[in-house]
Amino acid sequence: MGTSHSREGSDLSDSDDYHSETEDRDEEEEEEYEEVHYDAVERQETPQTTSSNRTIDDIDTKLKSLKLKYGDASQGGGDRRVKLYLHIGGNSPKAKWIVSEKSASYAFVRSSEIGGGGDSDEDEGGSSSGGGNNSLWILRVGAKVRARVSTEMQLKMFADQRRVDFVDSGVWALRFSTDEEFRKFVNEYNDCLFENVYGLKATEESKVKVYGKDFIGWAKPETADDSMWEDAEGGDAAGEEKFSPLRANQDLMEEFEEAANGGVHSLTLGALDNSFLVSDLGVQVYRNNQKGIHGKGICVSFDHRNSGSSLTKSNPKKGMLMRAETNMMLMSPMKEGKPHSTGIRQLDIETGKIVTEWKFEKDGTEITMRDITNDNKASQLDPSESTFLGLDDNRLCQWDMRDKSGIVQDIAKASDSPVLQWSEGHQFSRGTNFQCFASTGDGSIVVGSLDGKIRLYSRRSLRQAKTAFPGLGSPITHVDVTYDGKWVLGTTDTYLILICTLFTDKDGKTKTGFGGRMGNKIPAPRLLKLIPLDSHLAGGNNKFHGGHFSWVTENGRQERHIVATVGKFSVIWDFQQVKNSGHHCYKNQQGLKSCYCYKIVLKDESIVESRFMHDNYAVSNSPEAPLVVATPMKVSSFSLSGSKQQRSRG
């Protein structure tokens with residue numbers, strides 16, 4: 001499989017499903033309900049009423065005769081009713097929305113047992129109680145929906161339709177009767193989400209405590225300074241390349257699909273002749289060309305039988321190219337399911353042999369690393385490269401393959417595994433919980449953390465971050481950064497966060513947050529999300545991972561697209577479109593701007609990694625280099641075709 005689908009903010013139309021004959025009858029019944037309800041209130045408030053019980057019984061009988069499902073007014077006060085819809089049919093031609101409940105009550109309810117019954121409810125009617133309660137807010141709609149308020153709901157708002165869509169073991173939609181009811185729901189949802197994420201009541205004081213005064217625009221996007229987004233939209237700065245991004249009438253055409261040797265763990269792309277898959281059986285070598293990567297039939301296997309090294313107890317999970325892509329550093333985790341390693345193996349690609357195994361040590365003590373990366377975006381092309389960066393939960397450092405005198409160590413004469421030299425870095429106090437990192441073209445470093453924070457470090461100092469973005473509470477599982485350092489991309493399980501690092505200093509000069517503290521004029525980030533239906537269809541393991549910009553290694557070249565993987569989908573966004581503040585996706589949105597316009601490449605199994613090849617492989621009439629998609633059993637390459645009109649789902 002390899003079909004790509006257009007994603008241009010596809011909205012669900014009301015014309016076919018929402019305004020059916022059934023709904024017209026529903027609206028007539030609702031009008032009658034409102035008249036009866038108003039009449040009932042009038043009669044209950046009239047002093048002359050002497051048979052109140054009989055009146056209420058009569059009203060109840062009449063309501064039941066209308067076959068309406070109505071909730072207890074105590075679940076939040078007022079008339080909190082919505083139309084509840086369910087999407088059926090998945091992505092088949094018969095997919096449609098059906099009315100699940102004609103008139104359902106909803107409430108935000110506290111519960112210590114998310115899936116429990118009504119007896120577990122502790123509080124109702126919105127986020128009125130303070131922090132410190134161990135239970136979480138859930139959204140209850142009628143008898144069918146009971147969803148924990150979180151980003152996993154993938155809630156999408158349609159203000160112009162007074163509608164929200166979300167995921168809860170299916171795809172649901174709520175339609176509100178008035179704009180006021182819609183806004184009330186959205187405000188309650190956002191307050192409950194804040195409290196569930198941070199454990200604090202959604203007050204102004206709490207938001208300042210979480211985000212800090214300089215980043216209050218992240219909590220109140222309407223007050224944030226978006227001028228830097230506007231300045232960056234054109235891409236017409238001196239020396240910068242102009243380009244035509246992927247258009248609606250351009251399809252991603254599958255050029256190659258090849259069986260891998262099985263158990264693929266990661267994809268390592270080269271900018272020169274070859275790219276590689278790291279799998280259970282070894283490192284598979286592929287030839288790069290302008291249509292993608294094509295197998296050479298070469299596999300470097302790992303033989304553990306005669307090795308007593310602790311580094312060879314498990315197969316490598318990651319490869320990093322060095323020295324003009326003639327060598328690859330391979331990381332093997334100490335424990336299954338944990339990324340930490342006590343060292344790396346150095347593979348000579350030309351001979352196909354492991355030439356040495358390096359240990360991580362500091363001050364004579366063995367330490368671990370959870371990730372490694374090149375010193376900068378282009379350093380893997382440097383034939384003399386001898387240093388690289390390392391990251392652990394509370395460590396950020398640079399490793400040197402030379403000895404203390406600056407000489408490359410003689411591997412052949414080493415009686416034991418040679419020790420990498422801790423060139424520079426810092427071991428932080430406990431609590432940083434670093435998860436991932438990436439480097440810019442000049443060697444500046446961005447680091448993502450478990451608490452959602454994203455820190456920017458100058459290439460001149462790894463001790464203290466120049467800028468620390470607060471994040472939005474979700475752990476950052478992967479980060480990438482553009483070559484020029486102006487844009488940072490963080491990946492979480494449920495969304496991507498795009499951050500502009502540009503700011504104007506006191507002298508009026510434009511800088512990035514890698515080179516100085518950004519002050520209080522910090523742009524609000526933008527989110528890249530899936531519509532609820534696509535999130536549900538992506539598969540059981542529907543978590544985002546591995547968000548990347550397209551790959552350039554020269555000044556003046558622009559990244560054109562963003563790609564990430566979720567379940568069986570590779571999802572592609574037009575980078576320029578996301579930056580455009582006038583993009584139609586952002587109209588009528590509340591909160592942080594979220595882009596839902598994307599293209600999807602669908603595979604028949606969960607995807608391991610998706611990456612665009614180096615910009616060298618973009619042909620002159622194509623808006624992008626080929627996309628490479630690796631699954632556990634296959635690797636596929638996609639190039640762009642400009643003629644085939646794509647089908648939009650929704």
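The coordinates are above.
Only a predicted model underlies this, so the values are computations on that prediction, with no experimental measurement involved. (Residues numbered from 1 in each chain as written. Predicted model: local features only at pLDDT ≥ 70, side-chain atom pairs only at ≥ 80, totals over all residues. Heavy atoms only, no water.)

Visitor: Would you mind showing me how to read the pairing of strand β15 (residues 318-322) here?
Guide: For β15, a buried count of 4 out of 5 residues is recorded, marking the element as mostly surrounded by other parts of the structure. As paired elements, β15 and strand β16 (residues 327-331) share 5 bridges and run antiparallel to each other. Following the sheet pairing, Lys-318 is matched in β16 by Met-331. The antiparallel hairpin formed by β15 and β16 contains 4 residues in its connecting segment, where Arg-323 sits at a positive phi of about 50°. (Buried < 20%, exposed > 50% of the residue type's maximum accessible area, 1.4 Å probe, protein only. Helix = DSSP H or I, 4+ residues; strand = E, 2+ residues; numbered from the N terminus. Pairing = 2+ DSSP bridges.)

Visitor: Would you mind showing me how to read the nonpolar core here?
Guide: The tendency in soluble globular proteins is for nonpolar side chains to be buried as a group. Residues Leu-496, Leu-498, Ile-562, Val-571 and Trp-573 are the most contacted members of the largest nonpolar core, which totals 35 residues. Among residues more than four places away in sequence, those in contact with Ile-562 are Leu-489, Leu-496, Leu-528, His-548, Phe-549, Val-571, Ile-572, Trp-573 and Phe-575. One finds Cys-436, Phe-503, Ile-522 and Ala-524 within the second-largest nonpolar core, a separate group that totals 27 residues. (Core = buried A, V, L, I, M, F, W, Y, C linked by side-chain atoms within 4.5 Å. Contact = heavy atoms within 4.5 Å.)

Visitor: Sorry if this is basic, but what is going on with helix α4 (residues 204-211) here?
Guide: For an α-helix, 3.6 residues make a turn, and residues three or four places apart therefore share a direction. Within the sequence span of α4, burial applies to Ser-206, Lys-207 and Tyr-211. Burial along α4 is one-sided: seen end-on, the buried residues are contained in an arc of 110°. For α4, exposure combined with an orientation more than 90 degrees from the buried face picks out Glu-205 and Lys-209. Looking at the residues trailing α4, positive phi occurs at Gly-212, about 85°. (Arc of directions from axis to C-beta.)

Visitor: Explanation requested: the sheet that holds strand β28 (residues 478-481) in the structure shown.
Guide: Sheet strands line up and pair through hydrogen bonds in the backbone, either parallel or antiparallel. Overall, mixed pairing links the 5 strands, which are arranged β28-β29-β30-β33-β37 in an open sheet. With partners counted over all chains shown, the strands left at the sheet margins are β28 and β37 (594-595), one partner each. Both β28 and strand β29 (residues 487-491) contribute to a ladder of 4 bridges, which runs antiparallel. Considered in β29, the bridge of Val-479 is made with Gly-490.

Visitor: I'm lost on the pairing of strand β17 (residues 343-348) in this one. Help?
Guide: Successive side chains on a regular strand alternate, one facing one side of the sheet and the next facing the other. Of all the 6 residues making up β17, 6 are buried; the element is thus mostly covered by neighbouring parts of the structure. Residues Gly-343, Arg-345 and Leu-347 point to one face of β17 and Ile-344, Gln-346 and Asp-348 to the other, with burial holding for every one of them. Pairing analysis gives 6 bridges linking β17 to strand β18 (residues 353-362), with the strands arranged antiparallel. Bridge assignment links Asp-348 to a residue of β18, and that residue is Lys-353. The hairpin turn running from β17 into β18, its antiparallel successor, is 4 residues long, and Gly-352 in that turn takes a positive phi close to 75°.

Visitor: What is the right way to read helix α3 (residues 179-198) from this model?
Guide: Its 20 residues give α3 an end-to-end C-alpha distance of 29 Å, which sits within 8% of 28 Å, the value for a rise of 1.5 Å per residue. Within the span of α3, buried status applies to Glu-181, Phe-182, Phe-185, Val-186, Glu-188, Tyr-189, Cys-192, Leu-193, Phe-194, Glu-195 and Asn-196. Once α3 ends, the next one or two residues include Gly-199, with phi positive near 70°. (Expected span 1.5 Å × (residues − 1).)

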